[in-house]
Amino acid sequence: MFFPGECRIPACPTTLTMGRLKLCRTHHHRWAAAGRPVDLDGWSAQEDARLRERRQVSACLVSGCNRARAAHGLCHRHASRWNHAGRPPLESWLGRTLYQPPRKPWSAERTCEFPGCPRWTDSADAPLCHTHHNRWRKHGRPTLDTWYGDLAHRGDPKIRLDQLAPALRLEFQFGLQHRLDEGLRFTPARDVRRAVTWACEAPIASLLDWDESTWRDRVAPLGPGGKRRGHNVVAFRFIADTRFALEHLLIADDPWGPTSTRATSGTCGTSPWPKERRPTCASAA
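Let me begin by describing the structure that accompanies this report.

1. Some remarks on helix α1 (residues 25–33)
Turning to step 1, where the next piece is worked out: Inspection of α1 places H27, H28 and W31 among the buried residues, and these make up the whole buried set. Buried residues in α1, looked at end-on, bunch into an arc of 105°, giving them a common side. Exposed and oriented more than 90 degrees from the buried face of α1 are T26 and A33.
Turning to step 2, where the next piece is worked out: Of the surrounding secondary structure, the elements contacted by the buried residues of α1 are α2 (40–55).

2. As for the packing of aromatic side chains
Turning to step 1, where the next piece is worked out: Taken as a whole and assessed by the stated rule, the structure comprises six aromatic pairs.
Turning to step 2, where the next piece is worked out: Measuring from ring centre to ring centre gives 5.3 Å for Y99 and W120, while their planes differ by 50°; the resulting arrangement is tilted. Of the two residues, Y99 sits in the loop between α4 (90–95) and α5 (130–138) while W120 sits in the loop between α4 and α5, which places them 21 residues apart along the sequence.
Turning to step 3, where the next piece is worked out: Y99 gets classed as buried once you look at its relative accessible area, which sits at 18%.
Turning to step 4, where the next piece is worked out: Connected via pairs of aromatic rings, a cluster forms that spans F114, W147 and Y148.

3. So, unusual backbone geometry
Turning to step 1, where the next piece is worked out: For K22, which is not a glycine, the phi torsion comes out positive at approximately 60°.
Turning to step 2, where the next piece is worked out: The partly exposed category is assigned to K22, whose relative accessible area is 48%.
Turning to step 3, where the next piece is worked out: You will see that R87, though not glycine, has its phi angle at about 55°, which is positive.
Turning to step 4, where the next piece is worked out: Examined against the element boundaries, R87 turns out to sit in the loop between α3 (76–84) and α4.

4. Points about a positive patch on the surface
Turning to step 1, where the next piece is worked out: Together, R135, R137, K138 and R141 line one region of the surface with positive charge.
Turning to step 2, where the next piece is worked out: Summarising the element assignment, R137 is placed in helix α5.
Turning to step 3, where the next piece is worked out: Residue classification places R137 among the partly exposed residues on the basis of a relative accessible area of 40%.

5. Things to note about the environment of C117
Turning to step 1, where the next piece is worked out: Checked against the element boundaries, C117 lands in the loop between α4 and α5.
Turning to step 2, where the next piece is worked out: For C117, a relative accessible area of 9% translates into the label buried.
Turning to step 3, where the next piece is worked out: For the pair formed by C117 and A68, sequence separation is 49 residues and the distance between their alpha carbons is 10.0 Å.

6. Some words on the layout of surface pockets
Turning to step 1, where the next piece is worked out: By volume, the largest pocket amounts to about 730 Å³.
Turning to step 2, where the next piece is worked out: Elements represented by at least two residues in the lining of the largest pocket include exactly α1, α2, α5 and α6 (144–152).
Turning to step 3, where the next piece is worked out: Among the elements that take part in the lining of the largest pocket, α2 stands out by supplying six residues, more than any other.
Turning to step 4, where the next piece is worked out: A breakdown of the residues in the lining of the largest pocket according to their chemical character gives 13 nonpolar, eight polar and eight charged.

7. Notes on the environment of C7
Turning to step 1, where the next piece is worked out: Tracing the chain through its elements places C7 in the segment before α1.
Turning to step 2, where the next piece is worked out: Residue C7 is classed as buried on the basis of its relative accessible area, which comes to 7%.
Turning to step 3, where the next piece is worked out: The sequence separation of C7 and R25 amounts to 18 residues, and the corresponding C-alpha distance is 8.9 Å.
Turning to step 4, where the next piece is worked out: Ignoring anything within four residues of it in the chain, the contact list for C7 reads C12, T14, T15, L16, K22, L23, C24 and H27.

8. What about α2?
Turning to step 1, where the next piece is worked out: The terminal C-alpha atoms of α2, which comprises 16 residues, lie 22 Å apart, in line with the 22 Å expected from a rise of 1.5 Å per residue.
Turning to step 2, where the next piece is worked out: Regarding α2, the residues found buried are L40, W43, S44, E47, D48 and L51. Viewed end-on, α2 has its buried residues packed into an arc of 140°, placing them on one side of the element. Facing away from the buried side of α2 by more than 90 degrees, the exposed set consists of Q46 and E53.

9. Considerations on the nonpolar core
Turning to step 1, where the next piece is worked out: Membership of the largest hydrophobic core comes to 22 residues, with the highest contact counts inside it found for L164, F172, W198 and W215.
Turning to step 2, where the next piece is worked out: In contact with W198, other than residues within four places in its own chain, are W215, V219, N232, A235, F236 and I239.

Definitions and limits used
Throughout, residues of each chain are indexed from 1 in the direction in which the sequence is written. In keeping with the predicted nature of the model, local features appear solely for residues at pLDDT of at least 70, side-chain atom pairs appear and are counted solely at 80 or more, and the whole-chain, interface and lining totals rest on all residues. Working from all heavy atoms in the structure, the side-chain values ignore hydrogens and water. Exposure is judged per residue with a 1.4 Å probe applied to protein chains only, and the accessible area is read against the type maximum: over 50% gives exposed, under 20% gives buried, and values in between give partly exposed. Numbering of helices and strands runs from the N terminus, with a helix taken as a DSSP run of H or I at least four residues long and a strand as a DSSP run of E at least two residues long. Picture the helix axis, draw a direction to every C-beta atom, and the arc is the one those directions span. Contacts are residue-level and defined by heavy atoms, with any inter-residue pair within 4.5 Å sufficient. Working definition: a ring pair exists when centres of Phe, Tyr or Trp rings (six-membered ring for Trp) sit within 6.5 Å. Plane angles under 30 degrees give stacked, over 60 give edge-to-face, the rest tilted. For patch building, the residue pool is restricted to those with more than 30% relative accessible area and no salt bridge; the joining distance is 9 Å between like charges and 5 Å between nonpolar side chains (Val, Leu, Ile, Met, Phe, Trp, Tyr). Accessible surface area values rest on a Shrake-Rupley calculation with a 1.4 Å probe, where residue burial reflects the displayed protein chains alone. The rule for a salt bridge is simple: a side-chain nitrogen of Lys or Arg has to be within 4 Å of a carboxyl oxygen of Asp or Glu. Positive charge is attributed to Lys and Arg, negative charge to Asp and Glu, and no charge count is given to His or to the chain ends. Positions of charges follow a simple convention, taking NZ of Lys, CZ of Arg, CG of Asp or CD of Glu. Of the grid points, spaced at 1 Å and generated over the protein atoms alone, those admitting a 1.4 Å probe that cannot get out make up cavities, while open sets with protein on both sides within 12 Å along at least five of seven lines make up pockets; any residue with an atom within 4 Å of a point is treated as lining. Grid points are joined across faces, edges and corners, and a volume is the space filled by probe spheres set on the points. Any residue outside Ala, Val, Leu, Ile, Met, Phe, Trp, Tyr, Cys, Pro, Asp, Glu, Lys and Arg is labelled polar, Gly included; the first ten of those are nonpolar and the last four are charged. Here a helix's expected span is defined as the number of its residues, less one, multiplied by 1.5 Å. What we call a nonpolar core is a set of buried Ala, Val, Leu, Ile, Met, Phe, Trp, Tyr and Cys residues that are connected through their side-chain atoms within 4.5 Å.

Next up, the structure:
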């Protein structure tokens, strides 16, 4: 409903930008930079192999060592030993250096817990290899399950509503849920983000503060010749449809109330929703 699918590159979890080619924005740029090859399937296979190789954590160059590289192609232990040896030519040093298991039990390695990573950790109590530990630390040291989940969905489209006022945030959540429940109209996340920007910039507390014509004049003012400029139709229809659904929600909740007055009064700074009648949706929880 909010995105047409994922990139055709199997190793890429990013959502589509170019629907006809089934490529995300990054890989569409790479395909164009490669000269727009006609054999898209062949190019996709090569790009998939490149992406998988790039994501693979490289092992230490010392024979028999499966720890992740830290510096100069060596894990941090062998890099330290190479430094203590006076940094001789690396190739000659590697030729006379072999991996030896740690003597102390707490220094023993084990396989990294990151999904699909074959590298060793740096100690028995470390859950991640050196490379994935650094990435986890840069992400703020969340719980590992949370981090894995965030990475698995890092390519999903995101719509941030936290910059909206509370009433507007709830109305946008209601609008998204309404679109999902209807399942009739494709609504790209980028267009919803545009609608969020409009709502943030407008001096309103609710989408119902302005009627549809006022919203249209706000987001697409008339230019020379009576033509509207910068009219994002999808973003505007999201606001208009959400307003329509909210008005009907008010009518259903209070058929004798002054709905039309509340919906078009133009009063800003206060929400038109009484606390007991505010819209609810599953995503608002």
